[in-house]
Amino acid sequence: MKVLLAEDDPQIGDGIARGLRLAGFPVDWVRDGNDADAALKVGGYALLILDLGLPGLDGWQLLEQLRGRDSTIPVLIVTARDAVSERVAGLNRGADDYLVKPFDFEELLARAHALLRRGRSSGRELRLGTLTVVPATRLVTLGEEEVELSAREFALLVTLMTTPGAVIALRELEERLYGWDEEVASNAVEVLIHRLRRKLGNGWIRNVRGVGYKIAKAA
């Protein structure tokens, strides 16, 4: 559930990035439209928070190119342009929501959560044996028991459950779970794996030596 933040104002960008990370979201923050476009082409983002007045490729151009590639990533525009015509134009060009600066961070967070829920296949459950994950509500159950997970543990479990049985490299897991600007300890993913195994049982998450990790039905 990584977020791409495209915002050239250092104060606003830093505030949004810090707030999202405190809320448990990994964030990549870019200050230029061309850098944002390059990041989006690589993929792996669940949400784009987009300022319209970006240098290089501006927000309108970036949005047009993104939708031109048939990308369905939710886009939340954040801008000082408060005219009704601007808001209508943003929605008509493919944005999913529009927030005018200045705004309260709690409102941005609520809108981000709403867009992410909307983009998760209308609450489609992920199932593997007796393990069930509902991304839209962050519900995890093992048999009849609910399992409490931290935001990062939940993100890791969803990443593994999306392609059960497939081996995901350690480096790829790090890229999906942490933003560029975050300091990631060398054993950060291993620590999360250990915590998940302790909560789910050792049989679910398996290490493929020298390759990465996968989730499979517990024996």
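The structure under discussion appears in the preceding block.
Notes on the structure in this doc start here. (Residues numbered from 1 in each chain as written. Predicted model: local features only at pLDDT ≥ 70, side-chain atom pairs only at ≥ 80, totals over all residues. Heavy atoms only, no water.)

Before going further, it helps to spend a moment on the packing of helix α6 (residues 151–162) against helix α7 (residues 170–177). Relative orientation of the contacting elements α6 and α7 amounts to 130 degrees, with a least axis distance of 10 Å. With respect to each other, α6 and α7 are oriented oblique. As for the relative orientation of α6 and α7, their crossing is right-handed in sense. Contacts from Arg-152, Ala-155, Leu-156, Thr-159 and Leu-160 of α6 reach α7 at Leu-173, Arg-176 and Leu-177. A per-class count over the contact of α6 with α7 returns five nonpolar, one polar and two charged. (Axes fitted to C-alpha atoms, helices over the stretch in contact; angles between N-to-C directions. Helix = DSSP H or I, 4+ residues; strand = E, 2+ residues; numbered from the N terminus. Parallel < 35°, antiparallel > 145°, perpendicular 65-115°, else oblique. Left-handed = near helix turned anticlockwise from the far one by under 90°. Contact = heavy atoms within 4.5 Å. Nonpolar A, V, L, I, M, F, W, Y, C, P; charged D, E, K, R; others polar.)

Contact geometry of helix α2 (residues 33–42) with helix α3 (residues 59–68) gives a least axis separation of 10 Å together with a crossing angle of 15 degrees. By the angle between their directions, the pair α2 and α3 is classed as roughly parallel. Like other packed secondary-structure pairs, α2 and α3 cross with a definite hand, here right-handed. On α3, the residues that touch Gly-33, Ala-36, Asp-37 and Leu-40 of α2 are Leu-62, Gln-65 and Leu-66. Among the residues forming the contact of α2 with α3, the class breakdown is four nonpolar, two polar and one charged.

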